[in-house]
Amino acid sequence: MKQVYPLTINGDVHEVAAPPHWSLLEVLRYGLGLTGTKQGCDKGDCGACTVLRDGEPILACCVLAISQQGHELITIEGLADADGPSPVQRAFDACGALQCGFCQPGMILSAHALLARDPDPEEATIVEALSGNLCRCTGYTKIVEAVRAARDLREAKVFADRADPGPFPRHLPVAHGPPAEGFQVIGSRGRKADAIAKATGAAQYTDDLALPRMAHGSILRSPYAHARIRSIDTSAAEAMPGVFAVVIGADMPTPYCVIPWTADEHALAVDKVRYIGDAVAAVAAVDEDTAEAAVQRIVVDYEVLQPVITPAEALAEGAPLVHDHDWKGRARRDNVCKTVELSFGEVDQALADAAAVVEGDWSYSGSTHAPIEPHCAIATWDPDGRLTLYSATQVMHYLHRELARVLGLPPDRIRVIQPTLGGAFGGKSEPFDLEFCAALLSKRAGRPVKILYTREEVFYAHRGRHPMDFHLRIAADAEGHITAVDNDIVLDGGAYHSFGLVTTYYAGQLLPGPLRFGSYRFRSQRVYTNKPCCGPKRGHGSVQPRFPLETALDELAQQLHLDPIEIRRRNAMADGERTINGQHVPSCGILQCLDAVEAASGWRERFGQLPFGRGLGIATSMYISGTAYPIYPNEMPQSGVTVLADRSGRLTVFSGTNDIGQGSDAVLAYIIAEETGALPEHIRVVSGDTELTPVDLGAYSSRVTYMAGLAAQEAGRALRGLLIEVVAETLQCDPAALIVVPGRYVLASDPDTGVEVADALRMAEAKLGTPVSRSGGYRTRELGGDYRGGTIGASPAYSATAHVAEVTVDPDTGVVRIEHVWAAHDCGRAINPTLVEGQIEGSVYMGLSEALYEDMAYHEGMEARRRAPGEHDRTRGLHLGPNLLDYRIATSLDTPPITASLVESIDPGGPYGAKEAGEGPLHPAIPAIANAIHDAVGIRLRTMPFTPQRVLAALRQAEGA
Amino acid sequence: MLRMPEFEVHHPTTPEEAVALRAELPGSMYVAGGTDLLPNLKHRLHEPPHLIALSRLSGLDRIEQDPDGSLILGASTPLAALAGSELLAASVPGLVEAAASIAGPQHRRMGTLGGNVMLDTRCLFYNQSRPWRQAVGGCLKKDGDWCHVIGSAKACVAAQSSDTVPMLVALDARLRALLPGGERRELPLLELFSRDGRFEQRHTLPPEALITHVHVPSPGAGHRSTYRKVRARSAVDYPQLSIALAATLEGERCTALQVVIGAMLPQPRPVPGLHALIGEALTDEVCEAIAEKAYKAARPQPQLHGEPSWRRHLCRIETRRGLQQLRSGPQPR
Ligand SMILES: Cc1cc2nc3c(=O)[nH]c(=O)nc-3n(C[C@H](O)[C@H](O)[C@H](O)COP(=O)(O)OP(=O)(O)OC[C@H]3O[C@@H](n4cnc5c(N)ncnc54)[C@H](O)[C@@H]3O)c2cc1C
Ligand code: FES
Ligand code: FES
């Protein structure tokens, strides 16, 4: 029963009509449409829902709306005034503190409240004040900078000219460097196109949308790690008033997978459930309460089966099979999903001849992406049978294809729209049950249907970092040259395939570089287990093997009495070299990266010389800039960009890319600005909509800046050529006599004579007709090694990174603290240094958080004497904490200062020389920390995460030895 | 979003009215800041048909000092007010440390002292969503008959996880409660807790009891206190174990000492056998002997994250460090 009561929000009195059990968050978002306040956990763990109550930050998800009468509430929408966004909002924008932006309304309100009570806070005070607001993108570095800038800006009153909140106002004093030499835009610290929309709460994320008559969906999930479904009775749910539709697996019998030929997953389980949380049935109902109640009334008859929880169990003789059949329908005999064995050079010989060898077992724990925005999808059908699906996805194109397949619908009748995305990191890079279910439920219900994952469901959807076990051997000659690497890898894949075969290859194929291997062999095997499915997380498949490699290399250096940086220098690859497995690396700035972190960290004076308990560690990495081959083989370009000129003076860029917070829309705008001379503020980017844009394969494998960037460059160049010709005709000069300056085409000999870009657009339209438009595309060249699998891991360009981490280790408690990380990254060319730094800082953050705190841990079962009475041990396969309180991601207080430096090797193939920046910089974090722990207290940790328990156990073992 | 059960909300303005409502409405529950109760309702750990909001009770949100130096803390006092109190920092700094260590800045503004004292016990098998708990068939504390932590059908070992409770127990705090019919009761805080972690059984007071105040006896000259919290990350994290220490030092000599272990079992656990050491100077040897007693008294269970053996080891380390801190001051501020 609804109750009506007044609430004062942003100075307005609202007559709220809502049931009394609604939280303030629910009333704000769903009752009043004040969707700037975000929801990331709905139970007090994340801070995304922060609002101000009588000036103080509180969590809207943990208070009842009805109890807030009499208070003054301020939401992010209320922070801007008639003059425009507040100083804090503008400072966040100007400093590049906003990536996906999902945490930011809450963060900005916390910052605002801090500055209101303490106008001149110390850095430590800022960090503490923000410690209840989790951010998964930024590493908090630029956020803290922004709070300081807000203070400075407010005092200096530099926002006098606040009437212009346009996308790229030039009057912002912070973070605006000049462009790189020879460029107009490239290399400058421009603002992100969507930043101010995110900072003010105006940006619309999927769950912020509401369609008329929209129903809410909820999904029933398996309580068993492994069971056969005998029958499902949905009649009681269907009979409930307010329930519109119920669907089960049999309604969508076509299997799917992001890799089309390894389809082993169903929208809803058809025969078996394979992990606790596997989807079984879905309901659409008039509201969330009814949907959840209906889900509870679905009766499923299960035949409970023995689950396999660890790879060892899964590989044991006679183990129960997770899948009875493979994707070709053949009966399976074991739980092996994929095995890859490759060998390059004379590994055994090199091992036999080596001056030093390190050999051992390492284990990398699983971790998940934990974007602050939970997955959400809204489906709606036109009366003529066309489906529109809004989804928080990072691979709209693949989702489009799989929707067509599972729903049996021609793809041209499907439109996928990606609204603003609240973080992804690989966790939204394939289709999920909620998208299919929303689509079918909406069709059956005859009205739009929204499904929003709970935070717990995000953990079950997972597709995060595979746990991997390694047996690695590495050998070197007396000078420290790596002569052999031999790695045996077992990947714990969880219940389904996902990108499995790619991951299995990547675990081996991406290791050789930026350090040269004399010979290399790996055997990589992915195993099915009854747990949520693993997949690609930032640094897909290749973060894990860097841990054994880079820590073993440190041991090797120690054996050979070499400085750890020196041994890496001796093995550093050069521009244009090929890796031992045949990948061509056009540019490699690893030496400059090593130099940069060595100098910045004071390595020479400090490594090996710090007091007991404090230490430095180094590690390196390399990563791809997109994969040469798309997920499904085809001859079409990987990316297309169209620029359309409008007589208003605006250029619209159409691209099927997915901006997931990394700023790809902004990058496309900078490139078009650079090429055409149009000012960035006159450029609009339309992306994330399959109906409006040429295809781009999506935001994965660090491909967007490189691939869509080249497509945009081609489109922009073509448009400029056309415009210059038109202008030359008007000015009656040779086109070659004209040059581009910001906003104008002018005579090189007489820069005062020229034409505004906007006028040139109108001239072109008059001369050539409507529309004035040009397109560009990106196709990959033939790349990769000449052997089976040689193309997997082949990329047109590779980044390089080096980190130095400084840690302190408390030898009594085992607690590790990271004091500082210096990260140098070769991104080829920084199209916008602020964005690149943001990617580095965020990567370092994510890496250190998984090194120390994160673990996708599952219950492996009770000892017999503690087991509950009954036939099955139902603890097996339970996730030990599917929420943001028990799955601990680092808070601002756990995150050290991060110093990012850019190395620009100017790649010969990339746009302006650019290559990737989003994933490579994560890899070295884990081994650099492990190596620093060794420098601090002399122990070698080979199991992650580096918990105090593990550190202490290793210290005791070292003492005993 | 997560679904709470449907309920009605009442907003009494006096403690008497609140208690009367609570007694009148069967199955009703009090809600103060809501930071413990709302997540628990969203997990469907309770399904109360009525909530009695304490946010409009007047006069219970003050920190006052009696002429004898003892402190009267209103149950509605926000944790942030405890953490920011000059008065407390000067007299019982350990309580300030404890309050400041709770969750994150927003929780400390919302959460109250009363709610923190009455915080439900916590366990890996309990603080989970309804579907998660259904997957394991419930547990002794909720919807089941088996404690998966210790493998027993008899005892629930969900941990008392409040940060202020162990500190307040070390400070010999007393609880003041109002009961139906206007009865007022005062009891040593330690006596509130039973050995059984189940919701209905965890307290010795009747469920209608409304906590109105916490009374902390006058700290007196030479009084020192400190709170040491073990947690995996630096904010928004419940204790995995904690050590609260309060002592009176006369010169070198320690004339009173309380060491209380929190986040271990349903009850806070005062370390026994310390009287033998009373009157001694806090030398390194004495500190070590006390730390050893804390270690011996510790029985952490695998109901929280963090290996029990490590948490037990930390009892020793944190007790020793806490004592060293008490010894060296600068306390009280
Ligand atoms: C993410 C997160 C992290 C947290 N971390 C910590 C932590 O580190 N340490 C910690 O101690 N707590 C932590 N908490 C719990 C909580 O924030 C605090 O314990 C807080 O003090 C609870 O107070 P409250 O007013 O919000 O209680 P409420 O949620 O309103 O109430 C809690 C319980 O106490 C009862 N109650 C409240 N007031 C009274 C009264 N006056 N008389 C009788 N019964 C009453 C309620 O009925 C309810 O059962 C955390 C919570 C969250 C969500
Ligand atoms: S949504 Fe409120 S704290 Fe996460
Ligand atoms: S910008 Fe903070 S979570 Fe994305």
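Residues numbered from 1 in each chain as written. Chains lettered and ligands numbered in written order. Predicted model: local features only at pLDDT ≥ 70, side-chain atom pairs only at ≥ 80, totals over all residues. Heavy atoms only, no water.

### Focus: the environment of glutamate 550 of chain A
All names here are of chain A. Relative to the elements of secondary structure, glutamate 550 occurs in helix H15 (residues 543–559). The class of glutamate 550 is buried, set by a relative accessible area of 0%. When the C-alpha positions of glutamate 550 and alanine 928 are compared, they lie 7.8 Å apart, and in sequence the two are 378 residues distant. In terms of polar contacts, glutamate 550 uses its side chain to reach the side chain of threonine 620, at 2.6 Å. (Helix = DSSP H or I, 4+ residues; strand = E, 2+ residues; numbered from the N terminus. Buried < 20%, exposed > 50% of the residue type's maximum accessible area, 1.4 Å probe, protein only. Polar contact = N/O pair within 3.5 Å; in protein donor to acceptor, adjacent residues only side chain to side chain.)

### Considering the interface of chain A and chain B
Taken together, the contact pairs 78 residues of chain A with 63 residues of chain B. Across the pair arginine 321 of chain B and aspartate 812 of chain A runs a salt bridge, and its minimum N-O distance is 3.1 Å. In this assembly, chain A and chain B are joined by 32 residue pairs in polar contact (both at pLDDT 80 or more). Residues belonging to the side of chain A that touches chain B are distributed by class as follows: 32 nonpolar, 22 polar and 24 charged. (Contact = heavy atoms within 4.5 Å. Salt bridge = Lys/Arg side-chain N within 4 Å of Asp/Glu carboxyl O. Nonpolar A, V, L, I, M, F, W, Y, C, P; charged D, E, K, R; others polar.)

### Side note on the sheet that holds strand S4 (residues 63–65) of chain B
Residues and elements named next belong to chain B. Taken in spatial order, the five strands make up an open sheet running S4-S5-S8-S6-S7, and their pairing is antiparallel. In the strand order of this sheet, the two ends are held by S4 and strand S7 (184–188), each with one partner. Ignoring which end each strand starts from, the neighbouring axes of this sheet average 20° apart. Direction of pairing for strand S6 (residues 174–178) relative to strand S8 (residues 210–216): antiparallel, over a ladder of five bridges. Each residue of the ladder has a partner; that of alanine 177, found in S8, is isoleucine 211. Relative to the sheet, helix H1 (residues 15–24) contacts S6, S7 and S8, its axis offset from that of S6 by approximately 70°. (Pairing = 2+ DSSP bridges. Axes fitted to C-alpha atoms, helices over the stretch in contact; angles between N-to-C directions.)

### A look at the sheet that holds strand S1 (residues 3–9) of chain A
Two pairing modes exist for strands in a sheet, parallel and antiparallel, and in both the strands are linked by backbone hydrogen bonds. All names here are of chain A. Judged by pairing direction, the sheet is mixed, and its five strands sit side by side in the order S2-S1-S5-S3-S4 without closing on themselves. Edge strands, defined here as strands with exactly one partner in the open sheet, are strand S2 (12–18) and strand S4 (56–59). The mean inter-strand angle of the sheet, taken between neighbouring strand axes irrespective of direction, is 45°. In terms of strand pairing, S1 meets S2 through seven bridges, oriented antiparallel. Within S2, the position partnered with glutamine 3 by the bridge is alanine 18. Along the sheet face, helix H1 (residues 24–31) touches S1, S2, strand S3 (50–53) and strand S5 (72–74) and points at about 90° away from the line of S1. Along the sheet, helix H3 (residues 104–117) makes contact with S3, S4 and S5, crossing S3 at roughly 35°.

### A short note on the packing of aromatic side chains
Applying the stated criterion to the full structure yields 18 aromatic pairs over all chains. On the numbers, 6.4 Å between centres and 75° between planes, the contact of tyrosine 275 of chain A with tyrosine 496 of chain A is edge-to-face. Taken as a pair, tyrosine 275 of chain A in the loop between strand S9 (272–273) and strand S10 (279–285) and tyrosine 496 of chain A in the loop between strand S19 (482–494) and helix H14 (500–509) lie far apart in primary sequence, 221 residues in all. The pair tyrosine 275 of chain A / tyrosine 496 of chain A is uniform in exposure class, with both members buried. Between phenylalanine 344 of chain A and tyrosine 520 of chain A, the aromatic rings sit 6.3 Å apart at their centres with planes inclined by 15°, giving stacked as the arrangement. Of the two residues, phenylalanine 344 of chain A sits in strand S12 (residues 336–344) while tyrosine 520 of chain A sits in strand S20 (residues 520–528), which places them 176 residues apart along the sequence. A relative accessible area of 0% places tyrosine 520 of chain A in the buried class. Aromatic rings pair up to connect Phe344, Phe517, Tyr520, Phe522 and Tyr787 of chain A into one cluster. For the cation-ring pair, arginine 401 of chain A lies above tyrosine 632 of chain A, with the distance from its terminal atom to the ring centre recorded as 3.5 Å. Taking the ring centre of tyrosine 295 of chain B as reference, the NZ or CZ of arginine 312 of chain B above it sits at 4.2 Å. (Phe/Tyr/Trp six-rings, centres within 6.5 Å; stacked < 30°, edge-to-face > 60°. Lys NZ or Arg CZ within 6 Å of the ring centre and 35° of its normal.)

### A short note on the pattern of salt bridges
All names here are of chain A. Scanning the model with the defined rule gives 88 salt bridges over all chains in all. Taking the shortest distance from any N to any O, the salt bridge between arginine 867 and aspartate 873 comes out at 3.5 Å. Of the residues examined, arginine 867 reaches a relative accessible area of 34% and is grouped as partly exposed. By sharing partners, the salt bridges in this structure join Arg29, Lys38, Asp207, Asp208 and Lys450 into a single network.

### Considering the domain arrangement of chain B
When the parts of a complex come together, some accessible area is lost, and that lost area is often taken as the interface size. Domain boundaries assigned for chain B yield domain 1 (1–55), domain 2 (63–118 + 159–216) and domain 3 (223–327). Placing a centre on the C-alpha atoms of domain 1 of chain B and another on those of domain 3 of chain B gives a separation of 35 Å. (Domains from an automatic or database assignment.)

### Some words on the site of ligand 1
All names here are of chain B. Lining the immediate surroundings of ligand 1 are 35 residues, of which Tyr30, Ala32, Thr35, Thr112 and Asp163 lie closest. Between an oxygen atom of ligand 1 and a main-chain N or O atom of glycine 33, the distance comes to 2.7 Å. Here a nitrogen atom of ligand 1 sits 2.7 Å away from a polar atom, N or O, in the side chain of aspartate 163. Starting from 970 Å² of accessible surface for ligand 1 in isolation, the protein chains cover 97%. When residues of the shell around ligand 1 are traced back to their parent elements, those giving at least two are strand S2 (29–31), helix H7 (113–117) and S8. When residues in the shell around ligand 1 are grouped by element, the largest group, three residues, is from H7. A per-class count over the shell around ligand 1 returns 17 nonpolar, twelve polar and six charged. (Near = heavy atom within 4 Å. Areas by Shrake-Rupley, 256 points an atom, 1.4 Å probe, with all protein chains shown as cover.)

### Digging into unusual backbone geometry
Geometrically, the link from threonine 770 of chain A to proline 771 of chain A is a cis peptide bond, its omega value of -5° lying close to zero. For proline 771 of chain A, the location among the structural elements is in the loop between helix H21 (757–768) and strand S28 (772–778). Going from methionine 944 of chain A to proline 945 of chain A, the amide bond is cis rather than trans, its omega being -15°. Structurally, the position occupied by proline 945 of chain A is in the loop between helix H23 (925–937) and helix H24 (948–960). In this model, valine 236 of chain B sits at a positive phi of 45°, which is unusual for a non-glycine residue.

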